[in-house]
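Residues per chain are reported as follows:
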Amino acid sequence: MSFQIPENMVVQYGNTFRAMYQQKVSRLRPWCQIESGIVGASKSVERMGKAEAYDITSRHADTKFVEVPHSRRWIDLADKGWAELIDKLDKVRLLVDPANGYAMMANAAHNRAMDDVIINAARGSARTNAGLSVLPSTQKIAAGGTNLTLAKLLTVKEILDSNEVDDDASMQADGQRDTASRVMVVNAKMLTNLFGTTEIKSVDYNSVKALAEGSIDTFLGFKFIRVERLPKDGTATTGYALAWSKSCVALGIGQEINSSVDRRPDKNNAWQVFADMSIGAARLEDEGVVEIACA
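Residues numbered from 1 in each chain as written. Predicted model: local features only at pLDDT ≥ 70, side-chain atom pairs only at ≥ 80, totals over all residues. Heavy atoms only, no water.

Enquirer: Please set out the overall build of the protein chain residue by residue, giving values where relevant.
Expert: Across its full length, the protein chain carries seven helices and 14 strands. Within the protein chain, the proportion of its 295 residues that are buried is 35%. Taking contacts inside the protein chain between residues at least 6 apart in sequence as the whole, the part at least 24 apart equals 76%. For the protein chain, the accessible area works out to roughly 17,700 Å², and carbon and sulfur atoms hold 50% of it. (Helix = DSSP H or I, 4+ residues; strand = E, 2+ residues; numbered from the N terminus. Buried < 20%, exposed > 50% of the residue type's maximum accessible area, 1.4 Å probe, protein only. Contact = heavy atoms within 4.5 Å. Areas by Shrake-Rupley, 256 points an atom, 1.4 Å probe, with all protein chains shown as cover.)

Here is the structure:
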């Protein structure tokens, strides 16, 4: 028996790269009005407000002209990039080429950035011809010392309903829509709190049996989307959930995510994995977005 044979034992190294846990797709893009093919730095969205009907009180009376309010919101494009180098000689020393993995990481990074742009537009300032329009206080629900609760969800629904924002139930009944258009964007902590709510546990309140399924899908007409990139205040004691109707937040696309792998002569012929995109977003109607503060 040789006691020296361990000197000849080998170590096997992996021949693939594992992509570590991360958000890889945009979860909010499907819940925006898409404005594609933008050429230039910005694109306007033309808005037309309501004008009420008047009474006709006599025969052959003069026509009265109503004045329809017109306004404009702007989608401003911003460019995003991602790049990584692979030294030419590194490929000789590696069992696996990291180029494909880098390209996947680049796409994932851009998809997360897309969600950040959408979130910032939904709760931030929207650019108008007159300047910037902030989200009104009437569209914000205070933390009140609680996380996400049924009472807050009901208040969000009341705000949107009273503003006549796309009502899924009535529109589906009229055959105008077969899928939900209202979205509730929350994080894991908010969902955990909601799971513990007595009313959510009861099938009398929630036909989708949220706890039994392990997730809340649709409730009170809202499609629940979990995103861990929601903002917090400076002390991280308050987070902000968001609710909106699909027609109230626009995502502008100047260039979709574009990836390439190219040789760089200026970097000793290293290979460069590069990706970029040009996007922007805007809140089209303040009345269709609600911010919910959660302690």
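Structure shown, so let's carry the discussion forward.
Enquirer: Quick one: what's the story with the side chain of Thr 238, residue by residue and with numbers?
Expert: Here Thr 238 lies in the loop between strand E10 (222–226) and strand E11 (239–245). Setting aside its immediate chain neighbours within four residues, Thr 238 contacts Ala 143, Pro 231, Lys 232, Asp 233, Ala 293 and Cys 294.

Enquirer: Describe the nonpolar core, listing the residues and the values that go with them.
Expert: Core analysis: the largest hydrophobic core is formed by 49 residues, its most contacted members being Val 156, Met 184, Phe 224, Trp 244 and Ile 292. Not counting residues up to four positions away in its chain, the partners in contact with Trp 244 are Leu 28, Trp 31, Ile 118, Ala 122, Ser 181, Arg 182, Val 183, Val 185, Val 249, Gly 288 and Val 289. Counting residues in each nonpolar core, the second largest holds seven residues, with Val 45, Leu 77, Ala 250 and Leu 284 among its members. (Core = buried A, V, L, I, M, F, W, Y, C linked by side-chain atoms within 4.5 Å.)

Enquirer: Break down the pattern of salt bridges for me, citing the residues and quoting the values.
Expert: The final tally for this structure, using the stated rule, is twelve salt bridges. The salt bridge partner of Arg 123 is Glu 291, with a shortest N-O separation of 2.9 Å. Placement of the pair is Arg 123 in helix H2 (residues 99–123) and Glu 291 in strand E14 (residues 289–294), with a sequence separation of 168 residues. Residue class for Arg 123 comes out partly exposed when judged on its relative accessible area of 26%. Judged by its relative accessible area of 7%, Glu 291 is buried. Because the salt bridges share partners, they merge into one network encompassing Arg 73, Arg 283 and Asp 286. (Salt bridge = Lys/Arg side-chain N within 4 Å of Asp/Glu carboxyl O.)

Enquirer: Explain a nonpolar patch on the surface to me, using residue names and the numbers behind them.
Expert: A contiguous nonpolar surface patch, about 500 Å² in accessible area, is contributed by Met 48, Tyr 54, Ile 56, Val 66 and Val 68. Residue placement: Tyr 54 occurs in the loop between strand E2 (42–48) and strand E3 (70–76). Classification of Tyr 54 by relative accessible area gives partly exposed; the value is 34%. (Patch = residues over 30% accessible without salt bridge, like charges linked within 9 Å, V, L, I, M, F, W, Y side chains within 5 Å.)

Enquirer: Outline the layout of surface pockets, supporting the account with residue identities and numerical values.
Expert: Empty space among the atoms becomes visible once a probe the size of a water molecule is rolled across them. If you add up the space inside the largest pocket, you get close to 320 Å³. Surrounding the largest pocket, Arg 47, Met 48, Gly 49, Lys 50, Pro 69, Ser 71, Arg 73, Asn 163, Glu 164, Glu 285, Asp 286 and Glu 287 form its lining. At the level of elements, E2 and E3 are the ones that each hand at least two residues to the lining of the largest pocket. Classifying every residue of the lining of the largest pocket by side-chain character gives two nonpolar, three polar and seven charged. (1 Å grid on protein atoms, 1.4 Å probe; cavity = no way out; pocket = protein on both sides within 12 Å on 5 of 7 lines; lining within 4 Å. Points joined across faces, edges and corners; volume = space filled by probe spheres on them. Nonpolar A, V, L, I, M, F, W, Y, C, P; charged D, E, K, R; others polar.)

Enquirer: Could you give an account of the packing of aromatic side chains, with specific residues and numbers?
Expert: Enumeration over the complete set of coordinates arrives at one aromatic pair. Here the basic side chain of Arg 123 rests over the ring of Tyr 240, its NZ or CZ set 4.8 Å away from the ring centre. (Phe/Tyr/Trp six-rings, centres within 6.5 Å; stacked < 30°, edge-to-face > 60°. Lys NZ or Arg CZ within 6 Å of the ring centre and 35° of its normal.)

Enquirer: Please provide a residue-by-residue account of the environment of Ala 121, values included.
Expert: Position of Ala 121 among the secondary structure elements: in helix H2. Taking the relative accessible area as the measure of exposure, Ala 121 reaches 9% and is therefore buried. With 162 residues separating them along the chain, Ala 121 and Arg 283 place their C-alpha atoms 5.8 Å apart. Contacts of Ala 121, omitting those with residues within four sequence positions, involve Ala 281, Ala 282 and Arg 283.

Enquirer: An account of the sheet that holds E14 is requested, with residue identities and associated values reported.
Expert: Strands in a sheet are paired, the pairing made by backbone hydrogen bonds, and the direction either parallel or antiparallel. Spatially, the six strands line up as an open sheet ordered E7-E14-E11-E8-E10-E9, and their pairing is mixed. Across the chains shown, the open sheet's two edge strands, defined by having one partner strand only, are strand E7 (140–141) and strand E9 (218–219). Relative to E10, strand E8 (residues 182–186) is paired through five bridges, and the arrangement is parallel. Considered in E10, the bridge of Met 184 is made with Phe 224. Running at roughly 85° to E11, H2 makes contact with E11 and E14 of the sheet. Most of the contacts of helix H3 (residues 150–162) go to E14, to which it runs at about 160°, and overall it touches E7, E8, E9, E10, E11 and E14. (Pairing = 2+ DSSP bridges. Axes fitted to C-alpha atoms, helices over the stretch in contact; angles between N-to-C directions.)

From the geometry alone we can't say anything about function, so treat these as descriptive.
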